[in-house]
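Breakdown of the fold
Here is what each chain is made of, one letter per residue.
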Amino acid sequence: MSQQQTSMNSRLIYANAVEMLTKAGLSVDESKLTQSFLRLENQLVINKTQFPFPVLNNQNNAAGTIFNTEMRLNQQDSFVAASWGVFLSNPTSNVVGNFVLHTYPNAQVFATAGTAAAAETIYNSIFTLSVNNDIILPAWDVSRHRMVPQSQSGVGITAQTIFNIDQIDLGCDGFYPVEPNLVFIGSKNSVLTLVMPAALAAVEAFERISVIFRGVLAQNSTIIT
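Described in the following lines is the structure provided in the data block. The shown structure was predicted, so the numbers you read here are calculated from the model rather than taken from an experiment.

Let us now look at unusual backbone geometry. Note that the residue after Glu179, namely Pro180, is joined by a cis bond; omega there is 0 degrees. Following the sequence through the fold, Pro180 ends up in strand 6 (residues 175-185). A positive phi angle, near 50 degrees, is found at Asn132, a position not held by glycine. As for its position among the elements, Asn132 is in the loop between strand 4 (126-131) and strand 5 (134-141).

Okay, structure coming up:
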């Protein structure tokens, strides 16, 4: 679902964030509230059906690292998510920063035999979210994030109009509103997990999935014990 962000939407998101943080028992008056985002990533591999996405900046992913393109949550901060995006990418290594986020497995990008077809499994999968072992979100279907643009790389109306890149607006494409909002608190253990119905049969060498939450960051809103 593509949605253009407006000033009115931003004001409503901010008001909702204040209410959600207050209900969570956090001191909003003593925090700095700003627009921000979280970006959580994991490398895709074969023979696995579950992929955890650590939320905090002191937690490693399954590969034992934090990608340099991630934006995790500090333990002393909280974050209210208003929209959620899911994207695929095919970086040339685990450390490059110039790869493109995709809203579907374009066969021109995921060109190794079987990888594009295998990646469609992701869109028949779900995300779950638990906080301190309490299941907050039992099932979020990934299918709502699949978006094939009108103009696609390698496809044209005629041989003279073949496009080199996908038409995509990352201001809205691939994102879906989260209502009620999700609240991530840095002092709590939030576990976001991708659960797939079957393991991927093939993947690119550095194929990656990125989860992006956009919303309101409350800096210094939690107490670390």
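To continue, consider the packing of aromatic side chains. Given two aromatic rings, one states the distance between the centres and the angle between the planes to describe the pair. The full count for this structure, using the stated rule, is seven aromatic pairs. Judged by centre distance (5.5 Å) and plane angle (55 degrees), the rings of Trp84 and Phe127 are tilted. Placement of Trp84 in strand 3 (residues 78-89) and of Phe127 in strand 4 is noted, with a sequence separation of 43 residues between them. By the burial criterion, Trp84 is buried, and Phe127 matches it. Taking 6.1 Å as the distance between ring centres and 80 degrees as the angle between the ring planes, the aromatic pair formed by Trp140 and Tyr176 counts as edge-to-face. Here Trp140, found in strand 5, pairs with Tyr176, found in strand 6; they are 36 residues apart in sequence, far enough to count as distant. Since its relative accessible area comes to 7%, Trp140 is described here as buried. By relative accessible area, Tyr176 is classed as partly exposed at 24%. The ring of Trp140 carries the charged tip of Arg144 above its face, separated from the ring centre by 3.8 Å.

Turning our eyes to something else, we now look at the pattern of salt bridges. By the definition in use, this model includes six salt bridges. When the shortest N-O distance is used, the salt bridge between Arg39 and Glu41 registers 2.7 Å. Salt bridges sharing partners connect three or more residues here, namely Arg39, Glu41 and Arg208.

Attention now goes to the nonpolar core. Membership of the largest hydrophobic core comes to 35 residues, with the highest contact counts inside it found for Phe53, Trp84, Phe127, Phe184, Leu192 and Phe213. The greatest single-element share of this core, amounting to five residues, is contributed by strand 3. The residues contacting Phe127, other than those within four sequence positions of it, are Phe53, Trp84, Val86, Leu137, Pro138, Ala139, Trp140, Val142, Leu192, Thr193, Leu194 and Val211.

This part takes up the sheet that holds strand 2 (residues 50-54). Pairing within the open sheet is antiparallel, and its four strands lie in the order 2-7-4-5. A strand with exactly one partner marks an edge of an open sheet, and here the two such strands are strand 2 and strand 5. Shown here is a sheet whose adjacent strand axes are inclined to one another by a mean of 20 degrees, direction ignored. Bridge count between strand 2 and strand 7 (residues 190-195): five bridges; the pairing is antiparallel. The residue bridging Pro52 from the neighbouring strand is Thr193, located in strand 7.

Bringing the sheet that holds strand 3 into the picture now. If you walk across this open sheet you meet the four strands as 1-8-3-6, and the pairing is antiparallel. Here the strands that pair on one side only, and so sit at the sheet edges, are strand 1 (32-43) and strand 6. Each strand of the sheet is rotated relative to its neighbour by a mean of 30 degrees, with strand direction disregarded. As paired elements, strand 3 and strand 6 share seven bridges and run antiparallel to each other. Paired with Gly85 across the two strands is Phe175, which belongs to strand 6.

The rules behind each value
- Residues numbered from 1 in each chain as written.
- Predicted model: local features only at pLDDT ≥ 70, side-chain atom pairs only at ≥ 80, totals over all residues.
- Heavy atoms only, no water.
- Helix = DSSP H or I, 4+ residues; strand = E, 2+ residues; numbered from the N terminus.
- Phe/Tyr/Trp six-rings, centres within 6.5 Å; stacked < 30°, edge-to-face > 60°.
- Buried < 20%, exposed > 50% of the residue type's maximum accessible area, 1.4 Å probe, protein only.
- Lys NZ or Arg CZ within 6 Å of the ring centre and 35° of its normal.
- Salt bridge = Lys/Arg side-chain N within 4 Å of Asp/Glu carboxyl O.
- Core = buried A, V, L, I, M, F, W, Y, C linked by side-chain atoms within 4.5 Å.
- Contact = heavy atoms within 4.5 Å.
- Pairing = 2+ DSSP bridges.
- Axes fitted to C-alpha atoms, helices over the stretch in contact; angles between N-to-C directions.

From the geometry alone we can't say anything about function, so treat these as descriptive.
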